[in-house]
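Listed below, chain by chain, are the residues.
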Amino acid sequence: MDRNVRSVDDVLALMDSLFAPEADRWTPNGASWWDGFYADRDRPVPFFAAKPDENLASCLDRGLIPRGGRALDLGCGPGRNALYLDSLGFEVDAVDLSPTALAWAGERARTAGSAVRFHRGDALGTAGAALVGPYDLIYDSGCFHHLPPHRRVSYLALLERLLAPGGRFALTCFASGAMGSELPDAEFYGRARLEGGLAYTPESLRWVFCDLDEVELRRMNDEPPASASFGEAFLWTALFRRPDGTGAAA
């Protein structure tokens, strides 16, 4: 007989274990899958290119995200958005599970003379616990939709702990009707897998992040290969602002 649940972390770990090992994309056990994904740098994957997301560049160009300050890139992969933020004067921390992705990111950083600090590990676990906020910007390009439903609790706790009052949180994620699974949350546990990632509607994103003020929520622009930025129309892009308690406008 085994009795090993007495905290929220124990509950979350128990729910993690309900998924098949090969379905894990969010804990350190899933790092090997991402290592395989990033191993061939010549694969025709659009976001392997060293250029930022179009929504991130657009929000910065339009002043929706103030330049400078501290930024955190969640699930940074080969570092394209982290390096872009560094080039604009941000002090950047970037986290990823995959040693292979971070090795690639480190090479790019050395070539660019970048000061990005890369952290290997689980942003919702030990790697995230070692980060010290507050951050003026937390950015997530494609990490959130690979989390099982119960790990939204961990994700929101990370934002609560690390995002500065008045800070911006931005993400891209699978858009319902275009990419990702539209199964109800509960069904993923019976299937023991995430079916490639979770799709979201605008309403579901607003509900999950209801403690933040919405600045912009739209489909990502579809950018051609020659563009200076990455963009695929099967993704939502969202920008939220954490209230600062002063009543000041965004």
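Cut-offs used in this document
- Residues numbered from 1 in each chain as written.
- Predicted model: local features only at pLDDT ≥ 70, side-chain atom pairs only at ≥ 80, totals over all residues.
- Heavy atoms only, no water.
- Buried < 20%, exposed > 50% of the residue type's maximum accessible area, 1.4 Å probe, protein only.
- Helix = DSSP H or I, 4+ residues; strand = E, 2+ residues; numbered from the N terminus.
- Contact = heavy atoms within 4.5 Å.
- Phe/Tyr/Trp six-rings, centres within 6.5 Å; stacked < 30°, edge-to-face > 60°.
- Lys NZ or Arg CZ within 6 Å of the ring centre and 35° of its normal.
- Pairing = 2+ DSSP bridges.
- Right-handed = clockwise from strand over helix to strand, strands pointing away.

A. Main features of helix H3 (residues 54-61). Buried residues dominate H3, accounting for 7 of its 8 residues. Those residues of H3 not exposed but buried are Glu54, Asn55, Leu56, Ala57, Ser58, Cys59 and Leu60. The inward-facing, buried residues of H3 contact helix H4 (80-87), strand S4 (135-141), strand S5 (163-174), strand S6 (213-219) and strand S7 (235-241). Once H3 finishes, Gly63 follows within two positions and takes phi at roughly 80°, a positive value.

B. Highlighting the packing of aromatic side chains. Considering all chains together, one arrives at 22 aromatic pairs under this definition. Judged by centre distance (5.2 Å) and plane angle (85°), the ring pair of Phe48 and Trp104 falls under edge-to-face. Of this pair, Phe48 sits in the loop between helix H2 (31-38) and H3 while Trp104 sits in helix H5 (residues 99-112), and the two are 56 residues apart along the sequence. Exposure class is identical for Phe48 and Trp104. Each is buried. Taking the centre distance of 6.0 Å and the plane angle of 70° together, the rings of Tyr155 and Phe169 count as edge-to-face. Separated by 14 residues along the polypeptide, Tyr155 in helix H7 (residues 152-162) and Phe169 in strand S5 bring together distant segments of the chain. Among the aromatic side chains, those forming a connected cluster through ring pairs are Trp33, Trp34, Phe37, Tyr38, Phe47, Phe48, Trp104 and Phe230. Sitting above the plane of the Phe37 ring, Arg43 keeps its charged end 4.8 Å from the centroid.

C. Layout of the pairing of S4. The buried count for S4 comes to 6 of 7 residues, which makes it a mostly enclosed element. Across 4 bridges, strand S1 (residues 70-74) lies against S4 in parallel orientation. The residue of S4 that forms the bridge with Asp73 is Tyr139. Direction of pairing for S4 relative to S5: parallel, over a ladder of 6 bridges. Following the sheet pairing, Asp140 is matched in S5 by Leu171. Considered for its hand, the β-α-β crossover made up of S4, H7 and S5 is right-handed.

D. Main features of the side chain of Ser229. Counting through the fold element by element, Ser229 comes out in the loop between S6 and S7. Setting aside its immediate chain neighbours within four residues, Ser229 contacts Lys51, Pro52, Asp53, Glu54 and Glu223.

Any functional reading would require information that these geometric values do not contain.
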